[in-house]
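Here's the letter readout for the chains.
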Amino acid sequence: MDQQKIKKTVRRFSDLIERNKDGRAYSDYKEGINEGLEMAKDTFEENAEKFISSSPDEDPAEKIQNLQDRFNLIIDTIVVRKKPNYSQDHLEGIYEGFKKSKELFGECVNEYYNPPD
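Residues numbered from 1 in each chain as written. Predicted model: local features only at pLDDT ≥ 70, side-chain atom pairs only at ≥ 80, totals over all residues. Heavy atoms only, no water.

Let's shift gears to the overall build of the chain. A count of helical and extended segments in the chain gives four helices and zero strands. Reading the chain from its N end, one meets helices and strands in the order α-α-α-α. If one aligns the C-alpha atoms of the chain with their principal axes, the spans along those axes are about 50 × 30 × 20 Å. Within the chain, the proportion of its 117 residues that are buried is 39%. (Helix = DSSP H or I, 4+ residues; strand = E, 2+ residues; numbered from the N terminus. Buried < 20%, exposed > 50% of the residue type's maximum accessible area, 1.4 Å probe, protein only.)

Our next topic: the nonpolar core. In globular proteins that are soluble, nonpolar side chains generally tend to be buried together. If you look at the biggest cluster of nonpolar residues, it comprises 25 residues, and the most contacted ones within it are F13, F44, F71, V80 and F105. Only α1 (3-19), α2 (28-51), α3 (60-76) and α4 (88-113) provide two or more residues apiece to this core. Per-element tally for this core: the top contributor is α4, with eight residues. (Core = buried A, V, L, I, M, F, W, Y, C linked by side-chain atoms within 4.5 Å.)

Describing two packed helices takes the angle between their axes plus the distance from one axis to the other. In the contact formed by α3 and α4, the axes pass within 10 Å of each other and the chain directions differ by 155°. Taken together, the axes of α3 and α4 are roughly antiparallel relative to one another. In the crossing of α3 with α4, the sense of the turn from one axis to the other is right-handed. Residues K63, I64, L67, Q68, F71, N72, I75 and D76 of α3 form the contact with α4, whose own contacting residues are F98, S101, K102, F105, G106, V109, N110 and Y113. Within the contact of α3 with α4, the residues separate by chemical class into eight nonpolar, five polar and three charged. (Axes fitted to C-alpha atoms, helices over the stretch in contact; angles between N-to-C directions. Parallel < 35°, antiparallel > 145°, perpendicular 65-115°, else oblique. Left-handed = near helix turned anticlockwise from the far one by under 90°. Contact = heavy atoms within 4.5 Å. Nonpolar A, V, L, I, M, F, W, Y, C, P; charged D, E, K, R; others polar.)

Time to look at the side chain of T43. By secondary structure assignment, the location of T43 is in helix α2. Residue contacts for T43: discarding those within four places in its chain leaves I74 and I78.

It is worth spelling out α1 at this point. Each turn of an α-helix holds 3.6 residues, which means side chains three or four residues apart point in the same direction. Taking 1.5 Å of rise per residue, the 17 residues of α1 would be expected to cover 24 Å, and the 24 Å separating its terminal C-alpha atoms lies within 8% of that figure. Among the residues of α1, those classed as buried are I6, T9, V10, F13, S14, L16 and I17. Seen from one end, α1 has its buried residues packed into an arc of 160°, which puts them on one side. Across α1 from its buried face, at more than 90 degrees, point the exposed residues Q4, K8 and R19. (Expected span 1.5 Å × (residues − 1). Arc of directions from axis to C-beta.)

Taken as a whole, this structure holds seven salt bridges when the rule is applied. Of the charged contacts in the structure, one is a salt bridge between K21 and E18, with a shortest N-O distance of 3.3 Å. Under the relative-accessibility criterion, E18 is labelled partly exposed at 39%. Here K30 makes a salt bridge to E31, at a shortest N to O gap of 2.7 Å. Judged by relative accessible area, K30 falls into the buried class, the value being 8%. Connected via shared salt-bridge partners are E18, K21, E38 and K41. (Salt bridge = Lys/Arg side-chain N within 4 Å of Asp/Glu carboxyl O.)

It is worth stressing that arrangement in space is one thing and function is another; only the former is reported here.
So, in C-alpha cells, the structure goes:
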C-alpha cells in the first residue's frame, strides 16, 4: 500500500472516530468511551504503516479480515492502568471505546476495499 493510500485510510478512520464520539452530557463512562476511541485512533495512526501491508494477489475479503485481525490484536494489547482520577465507570468506558473502535475500523476497511457504487 503506498503512502497516499495509508494517509487516506488513516484520515478516514480518524474522521469516523471523531464522528462517533459521544457528545452527551458529562459522565465518567462517556468520557471513558471517548478516551478509548481516541487511544485507538492514535494507536492506529502510529502503527498504520507497519500493519497495513499490500499483497496484490491477496483476496480482498481475506485482506479485510487480516487487517481487522491485526487491528483487533493491537487494540487488545493496550493496557490501561488505573489512575487515581479514573473511576470504574471511566475504565469500563475506555474498554467500550476500544470495542466500538474495532467496529468502526471494520467499516473503514470494508468501505476502502469495497467502495460504494
